Amino acid sequence: MSKKNRPIVALVYDFDGTLSPGNMQEFGFIQALGKKPQEFWQESDDIAAGQDASNILSYMKLMFDESRKAGIKLRREDFKKFGEGVELYDGVLEWFSQVNEYGKKRGVKVEHYINSSGLTSMSEGTPIAKEFKRIFACSFLYNEEGEAVWPGVAVDYTAKTQFLF
């Protein structure tokens with residue numbers, strides 16, 4: 001079978017709790033705000049409950065508001081920098097080459113995707129970002145200076161099914 005005609009096997013991963021032992025924001029970002037992860041997520045949950053709002057939009061709003069208070073600019077490159085500090089489960093770095101090789105030996109092309117409620121830009125900063133054909137995750141809208149001004153895409157459980165299509 002030629003390389004062009006190989007069937008494609010798509011592997012779709014959540015990020016937080018699947019590739020990493022926690023939420024990506026817990027590996028430096030929340031601490032940069034002067035908060036503990038538990039405190040941040042409780043505040044986010046309180047916003048969602050108090051406003052009858054989406055948990056995803058609530059955490060993004062809290063990131064935005066708390067960053068502003070702490071004097072932290074939220075630019076794509078800043079998110080990527082925080083992504084560099086995201087811890088991965090043991091074996092994740094080696095996983096992709098092993099699975100790709102396994103697929104190759106069996107005559108299939110393996111493609112990897114992220115479908116996450118985490119942040120696209122943080123995911124792009126991780127050492128495994130290059131392994132993914134596409135990352136479907138939350139993102140912000142940015143102004144002319146490149147600073148986040150509002151949530152652009154919020155990926156919740158329902159939206160995850162849409163991205164599978």
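Just so it is clear, the structure is predicted and the values come from calculations on it, not from any experiment.

Visitor: Even after reading the chapter, I still don't get the overall build of the protein chain, so can you show me in this structure?
Guide: Of the regular secondary structure elements, the protein chain holds seven helices and four strands. Overall, the C-alpha framework of the protein chain stretches about 55 × 35 × 30 Å when taken along its three principal axes. With 165 residues in all, the protein chain has 42% of them scored as buried. Within the protein chain, contacts between residues at least 6 apart in sequence are counted, and of these 60% link residues at least 24 apart. Side-chain charges in the protein chain split into 21 positive and 24 negative, and the spacing between the mean points of these groups amounts to 10 Å.

Visitor: I'm lost on helix 2 (residues 37–51) in this one. Help?
Guide: Note on helix geometry: an α-helix contains 3.6 residues per turn, so any two residues three or four positions apart are oriented the same way. For helix 2, built from 15 residues, the straight-helix expectation of 21 Å at 1.5 Å per residue is met to within 8% by its first-to-last C-alpha distance of 21 Å. Structurally, helix 2 contributes buried residues whose contacts are with helix 1 (29–32) and helix 3 (55–70). Positive phi appears at Asp-52, one or two residues downstream of helix 2, with a value of about 50°.

Visitor: It is not clear to me how the layout of surface pockets should be interpreted in this structure. Could you clarify?
Guide: Using a probe with the size of a water molecule, rolled over the atoms, empty space left in the structure can be pinpointed. Taken as a whole, the largest pocket encloses approximately 410 Å³ of empty space. Lining of the largest pocket is provided by 18 residues; of these, Asn-23, Ile-56, Tyr-59, Ser-117 and Tyr-157 occupy positions nearest its centre. Counting only elements with at least two residues in the lining of the largest pocket, the list comes to helix 2, helix 3, strand 2 (109–119) and helix 7 (157–164). Residue composition of the lining of the largest pocket, by class: four nonpolar, nine polar and five charged. Space inside the second largest pocket adds up to approximately 160 Å³. Forming the walls of the second largest pocket are Ile-47, Ala-53, Ser-54, Leu-57, Ser-58, Lys-61, Phe-64, Val-149, Trp-150 and Pro-151. Secondary structure elements with two or more residues in the lining of the second largest pocket: helix 3 and strand 4 (148–153). Tallied by class, residues from the lining of the second largest pocket come to seven nonpolar, two polar and one charged.

Visitor: I would appreciate a short explanation of the packing of helix 2 against helix 3 in the present structure.
Guide: What describes two packed helices is the angle between their axes and the distance between those same axes. Contact geometry of helix 2 with helix 3 gives a least axis separation of 8 Å together with a crossing angle of 120°. Classified by the interaxial angle, the pair formed by helix 2 and helix 3 is oblique. Remark: the crossing between helix 2 and helix 3 carries right-handed chirality. On helix 3, the residues touching Phe-40, Trp-41, Glu-43, Ser-44, Asp-45, Ile-47 and Ala-48 of helix 2 are Asn-55, Ser-58, Tyr-59, Leu-62, Met-63 and Glu-66. Taken together, the residues that form the contact of helix 2 with helix 3 break down as seven nonpolar, three polar and three charged.

Visitor: Could you clarify how one ought to interpret the side chain of Asn-115 in this entry?
Guide: Mapped onto the elements, Asn-115 comes out in strand 2. A distance of 2.8 Å separates a polar side-chain atom of Asn-115 from the backbone oxygen of Lys-160.

Visitor: Hey, could you run me through the nonpolar core in this one?
Guide: Inside soluble globular proteins, nonpolar side chains tend to come together where they are buried. The biggest cluster of nonpolar side chains holds 36 residues, and the ones touching the most others in it are Tyr-59 and Leu-119. Taken together, the elements giving at least two residues each to this core come down to helix 1, helix 2, helix 3, helix 4 (76–84), helix 5 (92–105), strand 2 and strand 3 (134–142). Non-local contacts of Leu-119, meaning those with residues more than four positions away in its chain, are made with Met-24, Gln-25, Tyr-59, Met-60, Met-63, Phe-79, Ala-137, Cys-138 and Phe-140.

Visitor: Quick question: what am I supposed to make of a nonpolar patch on the surface here?
Guide: Taken together, Val-12, Leu-164 and Phe-165 make up a surface patch of nonpolar side chains, about 400 Å² in accessible area. Tracing the sequence through the fold places Val-12 in strand 1 (residues 8–13).

Visitor: What's the story with the environment of Phe-79 in this structure? I'm lost.
Guide: You can see Phe-79 is positioned in helix 4. For Phe-79 and Met-63, which are 16 residues apart along the polypeptide, the C-alpha to C-alpha distance reads 11 Å. When residues no more than four places from it in sequence are discounted, the contact partners of Phe-79 are Met-63, Leu-74, Leu-119, Ser-121, Met-122, Phe-140 and Tyr-142.

Parameters and conventions
Residues numbered from 1 in each chain as written. Predicted model: local features only at pLDDT ≥ 70, side-chain atom pairs only at ≥ 80, totals over all residues. Heavy atoms only, no water. Helix = DSSP H or I, 4+ residues; strand = E, 2+ residues; numbered from the N terminus. Buried < 20%, exposed > 50% of the residue type's maximum accessible area, 1.4 Å probe, protein only. Contact = heavy atoms within 4.5 Å. Lys, Arg positive; Asp, Glu negative; His and termini not counted. Charge placed at Lys NZ, Arg CZ, Asp CG, Glu CD. Expected span 1.5 Å × (residues − 1). 1 Å grid on protein atoms, 1.4 Å probe; cavity = no way out; pocket = protein on both sides within 12 Å on 5 of 7 lines; lining within 4 Å. Points joined across faces, edges and corners; volume = space filled by probe spheres on them. Nonpolar A, V, L, I, M, F, W, Y, C, P; charged D, E, K, R; others polar. Axes fitted to C-alpha atoms, helices over the stretch in contact; angles between N-to-C directions. Parallel < 35°, antiparallel > 145°, perpendicular 65-115°, else oblique. Left-handed = near helix turned anticlockwise from the far one by under 90°. Polar contact = N/O pair within 3.5 Å; in protein donor to acceptor, adjacent residues only side chain to side chain. Core = buried A, V, L, I, M, F, W, Y, C linked by side-chain atoms within 4.5 Å. Patch = residues over 30% accessible without salt bridge, like charges linked within 9 Å, V, L, I, M, F, W, Y side chains within 5 Å. Areas by Shrake-Rupley, 256 points an atom, 1.4 Å probe, with all protein chains shown as cover. Salt bridge = Lys/Arg side-chain N within 4 Å of Asp/Glu carboxyl O.

Distances and angles like these do not, on their own, reveal function.
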